[in-house]
Amino acid sequence: MSPKLAIVTGANKGIGFAIVRGLCKRFDGVVYLTSRDEERGKTAVLELNKEGLNPKYHQLDITDTKSLEVFHDYIKEKYGGIDVLVNNAAIAFKTSSPEPVAVQAVETLRVNYFAVLATCEILFPLLRNGARVVNISSSSGHLSQIPSESLRNRFKDPELTIPELSDLMNKFIEEAKQGTQSAEWGNSSYSVSKVGLTALTMIQQRFLSDREIKVNAVHPGYVDTDMSSHKGPLSIDEGAAAPLFLALDAPDSVRGQYVWYDKRIVSWVGQKPKEQ
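Residues numbered from 1 in each chain as written. Predicted model: local features only at pLDDT ≥ 70, side-chain atom pairs only at ≥ 80, totals over all residues. Heavy atoms only, no water.

Per an unreviewed UniProt entry, the recorded name for the protein is carbonyl reductase (NADPH), and the organism is Iphiclides podalirius. In its Sequence similarities (unreviewed entry) section, UniProt records this for the protein: "Belongs to the short-chain dehydrogenases/reductases (SDR) family." (UniProt positions renumbered as here; feature names shortened; annotations may be inferred.)

Below, the structure is given as structure tokens:
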């Protein structure tokens with residue numbers, strides 16, 4: 001019988017690295033650290049080896065369909081299925097980045113929404129019954145980040161489909177290219193990408209509940225990472241706590257939820273909680 005399997009994307013540093021560390025300590029099975037850059041990924045594995053931990057490694061670029069397919073085939077042949085999938089890989093432009101809004105919109109949504117969607121489409125067929133999926137969102141992924149009430153209503157529509165959600169993401173990109181996005185969408189491509197990811201989580205749960213698969217989105221907190229320019233007050237291990245809770249400890253009733261870094265289930269459509 002194949003061992004249980006956990007996979008973390010974008011895990012050579014930061015929160016993803018800490019999630020792998022936590023899984024290696026507590027998950028009863030095999031843990032895969034994946035990364036786009038193979039050298040950095042293998043260096044991360046060596047760092048964990050020094051702590052007495054033994055994750056496996058596989059290269060995975062979630063923006064590359066071929067890379068995803070190679071990984072799918074490898075996992076299917078070697079393990080047969082996936083028990084925990086943590087979609088952590090993401091990018092964020094700095095506030096001082098010189099790239100135009102249109103460029104930031106295209107690239108941010110390409111990685112944070114469309115590449116994660118592709119990852120799910122390719123890897124979800126391998127999810128075993130009862131598996132857990134953790135989508136790493138953000139406080140920026142709270143629906144209140146979208147100024148337009150009509151857009152917010154579209155996002156929270158309980159009948160929203162993935163193609164319709166993807167159309168919304170493309171609509172933002174087109175408006176960003178025209179410079180007309182501010183009034184309805186705001187000016188943060190990162191926020192739009194994470195709102196999209198959180199909305200995707202809710203849709204995915206609707207279609208997977210009959211197999212007892214749990215899909216949740218989580219805001220890991222404001223963490224001291226490269227992405228936050230090391231301004232976050234939380235350590236990477238503190239940032240991994242809520243994702244690990246969803247991957248390992250949350251009751252089976254927690255599904256299709258938006259979870260805060262202190263493990264509270266919060267309303268995605270209500271008032272945004274404050275950072276403590």
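That shown, we press on.
Quick look at helix α9 (residues 236-249) now. Here α9 is 14 residues long and its end C-alpha atoms lie 19 Å apart, about the 20 Å a rise of 1.5 Å per residue gives. Looking only at α9, the buried set comprises Gly 239, Ala 240, Ala 242, Pro 243, Leu 244, Phe 245, Leu 246 and Ala 247. Contact partners of the buried residues in α9: α1 (14-26), β4 (82-87), β5 (127-136), β6 (214-218) and β7 (258-259). (Helix = DSSP H or I, 4+ residues; strand = E, 2+ residues; numbered from the N terminus. Expected span 1.5 Å × (residues − 1). Buried < 20%, exposed > 50% of the residue type's maximum accessible area, 1.4 Å probe, protein only. Contact = heavy atoms within 4.5 Å.)

A word on the pattern of salt bridges. Think of it this way: side chains of opposite charge can pair up when their charged atoms draw near. Under the defined criterion, the tally for this structure stands at 14 salt bridges. A salt bridge links Lys 177 to Glu 174; its shortest N-O distance comes to 3.7 Å. Of this pair, Lys 177 and Glu 174 both sit in helix α6 (residues 162-178), 3 residues apart, which is roughly one turn of that helix. Among the residues examined, Glu 174 registers a relative accessible area of 41% and is labelled partly exposed. Look at the salt bridges and you will find they share partners, linking Arg 21, Glu 51 and Asp 237 into a network. (Salt bridge = Lys/Arg side-chain N within 4 Å of Asp/Glu carboxyl O.)

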